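Chain residues, written in single-letter form:
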Amino acid sequence: MTGRPGDPTDALIERELERYLVERRMTRRQLLEAVTALGAAVALAPIVAACTNAGLAPSAAPSTGPSAAPPSIAPSEVAVASATPEPTPVPSPEKELFVYNWDAYIGADTVTKFQDQTGIQVHYDKFPDADTQMTKLRSDGKGGGYDVSYPASTELPSLISDGVVLKLDKSLIPNVSNLRPEWTNPAYDPGNAYSIPNYWWTTGYAWDPAKVPGNQTTWDALFDPASKGHIGMLDDQREVFAVAGFKLGIDPNTTDEAQLDQMLNLLEQQKPLLRKYTDDDIGDMTSGNLWISHAWSGDWYQMIADKPNIKYVIPTTGAVRGNDTLVVLSGAPHPIAAQLWINFNLDPQISAANTNYIGYMGPNAAAEQYIDDAIKGDPRLNPPQAVVDKLVELIFLPPADLDKYTQRWNALRA
Amino acid sequence: MASPSTPAEAAAAPVAAPTPTAGRRPLSERIAGLVFVAPGVVWLAIFFLAPLAIILVVSLGSRDAANHITLANPSLDNYLRATRPEYLPAFANSLRYAGITTILSILIGYPIAYWISRYGGSRKILLLILVMLPFWTSYLIRTYAWMIILRDNGVLNSILLTLGVISDPIPILNSDFAVILGMTYGFLPFAILPMYVSIDRLDGHLVEAARDLFASGRGAFLHVTLPLTMPGIVAAALLTFIPAIGDYVTPDLLGGAQTTTIAKIIQVLFTSGRDWPYGSALGFLLMVVTLGGTLLALRTLRREVIG
């Protein structure tokens, strides 16, 4: 690169490169993309490593998503293209896809099968918690360079109004017809214009019956001094306050200061009994650190793979129901590949394989026949309609109302 | 560290060695000095001052209804909110962990540094490499390793159970002890290296002279070695305390419900709280307090200890 024009070494390298590209049926543009993506990956590696479970990355690296690769291509691509004509045509407009998701969240073969079927190379990045996810997706206001992510449904209204997500082209997602009727027009995104529902779950709690005897039906066991030092709550402010709400008979979406103070008071009484506010309910339950832990239903399903005797309950006094979604980010470098990914994950067998892996039920009617009976037939993972009807969804709060929670959450934690 | 010393040398040089041009160095030398110092200044400006300025500006802002940061009405409100007493326990935790970690690192590190310097012989370099060896593995991975060692079904509990010392696993992880252990483990090399340099530079003849004048071994250490290596101890304390007070990873992974630090509070404001202005204010305030406290401590130490 640095040699003078006409330098024999340079000419040789140029020829070799040309030959390599032709052999690999690669265009210069693709080579540049590959090199830049590699560079971005190398540069990102320490940051990604540092942020695993630490949540530091969003503030430390607001603009260093994989976006660093695709957008930076443009100028150099133009320069190269004008210097020499493209040797081979670009076989397909989009050969890559950047997915940003939870760890261990989809079927073990889902990525491989998608790559085999479409020839699109999937770059799969993971986040440790939803806060990290949101901070990164919002870092540049258009998705941090990712194509597809899995935000919780409660985030959708603000993601849509802030222009972080792209309106879906349903002609690319014919499998949308597989959705159950009750999932075709959710309140958070009417008509599924910007998102496709992915999984749904409950938030209850898991316990080890060897340490915590009895059949639990209420939230009381999480406040029982008998388990002191071995109780865990999720490191999630809205979910924790919701538990206090259910115990006190207060709406978990309340924004009333007096009610919030009551909830905080109850949680402050609980705190001395706690071992931790956990990011890793699965690991803490299977290692025995916790005897009883506030948990998501799918996490319990993963716990019992290691420790089959662990139990889970959706308390009858009220519990949270949530669902997540598949969205295309507004700054997606590969929006078509992104929608192909969404369509692929709505395929009955792929959708069922995802559910069979993680234990969360999906909204896919056509997938039902392929779902394991252990999941489909378990009322803790697939509760009957009468139970579902009583579950509460956490709604998105505007800044002024969210502050009421955050201030109390920090006061509780400090 | 090399660059900032250049202007100091440049300033001191005329006094030390007057030149024919009456206290002014030749232009070429002054340009050379600027060239040497420029990379450091540019580096600090881009990677320290600019981010700091951004934090400062954001901390004066507020959020609109759509949760976007706006600077329409800059104010100090966020700083007033940041001084709320409810965060004091978390700040006290941060100070306590950093303080204990610093003291332990010096108490454990000084004898190691002393031993390597005095008895390391031809293996000094090897021993110093061993001190730095842990840095070859990511700090995060080493902290996870501590989680595996300390958890209820972990290595330590298994050994104690097998030996019959305990009959039920004892909770070690998610405690003050685990946090302090992890932090001391992590920061120890930062304490050893400056103390080693200081001890190694100490002129052995001074200790011999003290012994010749009938000082006991203990007396020579207390009155000669320790005061002369005090700069190394102070450097070790600073290199440990300052990063320790803002440490987020160790308390978060090894700590529990009762060990929240101020860094965690700031993290909550930036993530689930979505309040970057407030988080920036609290972060900036923490930095000012740390810096102020450090400068104050240094001045006192210089007067009282270093002399």
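Residues numbered from 1 in each chain as written. Chains lettered and ligands numbered in written order. Predicted model: local features only at pLDDT ≥ 70, side-chain atom pairs only at ≥ 80, totals over all residues.

What is the right way to read the overall build of chain A from this model?
Within chain A, the secondary structure is distributed over 16 helices and nine strands. Looking at the 414 residues of chain A, the share that counts as buried comes to 43%. Sequence separation of 24 or more characterises 75% of the internal contacts of chain A that already satisfy a separation of 6 or more. (Helix = DSSP H or I, 4+ residues; strand = E, 2+ residues; numbered from the N terminus. Buried ≥ 20, exposed ≤ 12 C-beta atoms within 10 Å, placed from the backbone. Contact = placed C-beta atoms within 7 Å.)

In this structure, what is going on with the overall build of chain B? I would like to understand it.
The secondary structure content of chain B amounts to 14 helices and two strands. Expected size for 307 residues packed as a compact globule is a radius of gyration near 19 Å; at 24 Å, chain B overshoots this value by more than 25%. With respect to the principal axes defined by its C-alpha atoms, chain B has extents near 70 × 65 × 35 Å. Expressed as a percentage of the 307 residues in chain B, the buried residues total 31%. Taking the intrachain contacts of chain B between residues at least 6 apart in sequence as the baseline, contacts between residues at least 24 apart amount to 71%. (Rg over C-alpha atoms; globule rule 2.2 N^0.38 Å.)

Hey, could you run me through the interface of chain B and chain A in this one?
Quite often, the size of an interface is put as the accessible area lost when its parts meet. Each partner contributes to the interface: chain B provides 35 residues, whereas chain A provides 34 residues. Elements with a minimum of two residues in the side of chain B that touches chain A: α4 (88-119), α12 (249-254) and α13 (262-270) of chain B. For the side of chain B that touches chain A, the residue count by class is 17 nonpolar, ten polar and eight charged. (Nonpolar A, V, L, I, M, F, W, Y, C, P; charged D, E, K, R; others polar.)

What should I look at first to understand the confidence of the model for chain A in this one?
Parts of the prediction with low pLDDT should not have their coordinates interpreted in detail. Residue and element names in this part refer to chain A. Residues at a pLDDT of 70 or more form 78% of chain A, whose mean pLDDT is 83. Counted against residues more than four places away or in other chains, residues 1-8, with its pLDDT under 50, gives two contacts. Segment residues 23-29: pLDDT under 50, and twelve contacts once partners within four positions in sequence are set aside and those in other chains are kept. (pLDDT = per-residue confidence, 0-100.)

Can you help me understand the packing of helix α16 (residues 399-413) of chain A against α13 of chain B in this one?
As a packed pair, α16 of chain A and α13 of chain B sit with axes 10 Å apart at the nearest point and diverge in direction by 160 degrees. Relative to α13 of chain B, the element α16 of chain A is oriented roughly antiparallel. Considering how the two elements wind past one another, α16 of chain A and α13 of chain B form a crossing that is right-handed. The segment α16 of chain A lies against α13 of chain B, with Thr-406, Trp-409, Asn-410 and Arg-413 of chain A engaging Lys-264, Ile-265, Val-268 and Leu-269 of chain B. (Axes fitted to C-alpha atoms, helices over the stretch in contact; angles between N-to-C directions. Parallel < 35°, antiparallel > 145°, perpendicular 65-115°, else oblique. Left-handed = near helix turned anticlockwise from the far one by under 90°.)

What is the right way to look at α13 of chain B in this model?
An α-helical turn contains 3.6 residues, so any two residues separated by three or four positions project in the same direction. The buried count for α13 of chain B comes to nine of nine residues, which makes it a mostly enclosed element. Of all the residues in α13 of chain B, the buried ones are Ile-262, Ala-263, Lys-264, Ile-265, Ile-266, Gln-267, Val-268, Leu-269 and Phe-270 of chain B.

It is not clear to me how the nonpolar core should be interpreted in this structure. Could you clarify?
Inside soluble globular proteins, nonpolar side chains tend to come together where they are buried. Among the nonpolar cores identified, the biggest contains 63 residues, and Ala-206 of chain A together with Ile-265 of chain B are the most heavily contacted of them. Looking at this core element by element, the count peaks at seven residues for α13 of chain B. When neighbours within four sequence positions are excluded, Ile-265 of chain B is seen to be in contact with Asn-410, Arg-413 and Ala-414 of chain A together with Tyr-87, Ala-90, Thr-260 and Leu-282 of chain B. (Core = buried A, V, L, I, M, F, W, Y, C linked by C-beta atoms within 7 Å.)

Just to check I follow, could you spell out the pairing of strand β5 (residues 231-234) of chain A for this structure?
Both faces of the sheet carry side chains from a regular strand, because those side chains alternate between them. Residues and elements named next belong to chain A. Here β5 shows two buried faces, one formed by Ile-231 and Met-233 and the other by Gly-232 and Leu-234. Taken together, the four bridges between β5 and strand β6 (residues 274-278) define a ladder with parallel strand orientation. Residue Met-233 lies in a different strand from β6, and its bridge partner there is Tyr-277. (Pairing = 2+ DSSP bridges.)

Help me out: how do you make sense of unusual backbone geometry in this one?
A negative phi angle characterises most non-glycine residues, just as the trans form characterises most peptide bonds. The phi angle at Ala-104 of chain A is positive, at roughly 50 degrees, despite the residue not being glycine. By secondary structure assignment, the location of Ala-104 of chain A is in the loop between β1 (96-102) and α5 (110-118). Residues other than glycine seldom take positive phi values, yet Arg-274 of chain B does so here, at roughly 50 degrees. Examined against the element boundaries, Arg-274 of chain B turns out to sit in the loop between α13 and α14 (276-306). Look at Arg-274 of chain B and you get buried, because 21 C-beta atoms sit within 10 Å.

Looking at this structure, how should I read the environment of Gln-262 of chain A?
All names here are of chain A. Assignment of secondary structure puts Gln-262 in helix α9 (residues 257-270). Under the C-beta neighbour-count criterion, Gln-262 is labelled partly exposed, with 16 such atoms within 10 Å. Between the C-alpha atom of Gln-262 and that of Leu-248, which follows or precedes it by 14 residues, the distance is 8.3 Å. Leaving out residues up to four positions away in the same chain, Gln-262 has contacts with Leu-248 and Ile-250.

Mind showing me how you'd approach the packing of helix α8 (residues 237-248) of chain A against α9 of chain A here?
Two quantities define a packed helix pair, namely the angle between the helix axes and the distance between the axes. Residue and element names in this part refer to chain A. Interhelical geometry of α8 versus α9 gives an angle of 100 degrees and a closest axis separation of 9 Å. With respect to α9, the element α8 is oriented roughly perpendicular. Together, Val-240, Phe-241, Ala-244, Gly-245, Lys-247 and Leu-248 of α8 and Gln-262, Met-263, Leu-266 and Leu-267 of α9 make up the contact between the two elements.

Any chance you could explain helix α8 (residues 176-201) of chain B here in plain terms?
With 26 residues, α8 of chain B extends 37 Å between its outermost C-alpha atoms, agreeing within 8% with the 38 Å of an ideal straight helix rising 1.5 Å per residue. The sharpest bend along α8 of chain B reaches about 40 degrees and sits at Phe-187 of chain B, with the proline Pro-189 of chain B one to four residues further on. (Expected span 1.5 Å × (residues − 1). Bend = angle between axes of the 7 residues up to and from the residue.)

Would you take a moment to explain the confidence of the model for chain B for this structure?
Summarising the model, chain B shows a mean pLDDT of 89, and 91% of its residues fall at 70 or more. Per the prediction output, this complex has pTM 0.80; the corresponding ipTM is 0.85.

How should the pairing of β1 of chain A be read in this particular structure?
Residues and elements named next belong to chain A. Note: β1 against strand β2 (residues 121-127), seven bridges, orientation parallel. Within β2, the position partnered with Phe-98 by the bridge is His-123. In terms of handedness, the path from β1 via α5 over to β2 forms a crossover that is right-handed. Bridging between β1 and strand β3 (residues 148-149) involves two bridges; their strand directions are parallel. If you follow Val-99 over to β3, its bridge partner there is Val-148. (Right-handed = clockwise from strand over helix to strand, strands pointing away.)

Help me understand the environment of Asn-382 of chain A, please; the structure alone is not making it clear to me.
All names here are of chain A. Relative to the helices and strands, Asn-382 is located in the loop between α14 (373-376) and α15 (385-390). Sequence spacing of Asn-382 and Tyr-360 is 22 residues, and the spatial spacing of their C-alpha atoms is 8.2 Å. Contact partners of Asn-382, with chain neighbours within four places excluded, come to Met-361, Ile-375 and Lys-376.

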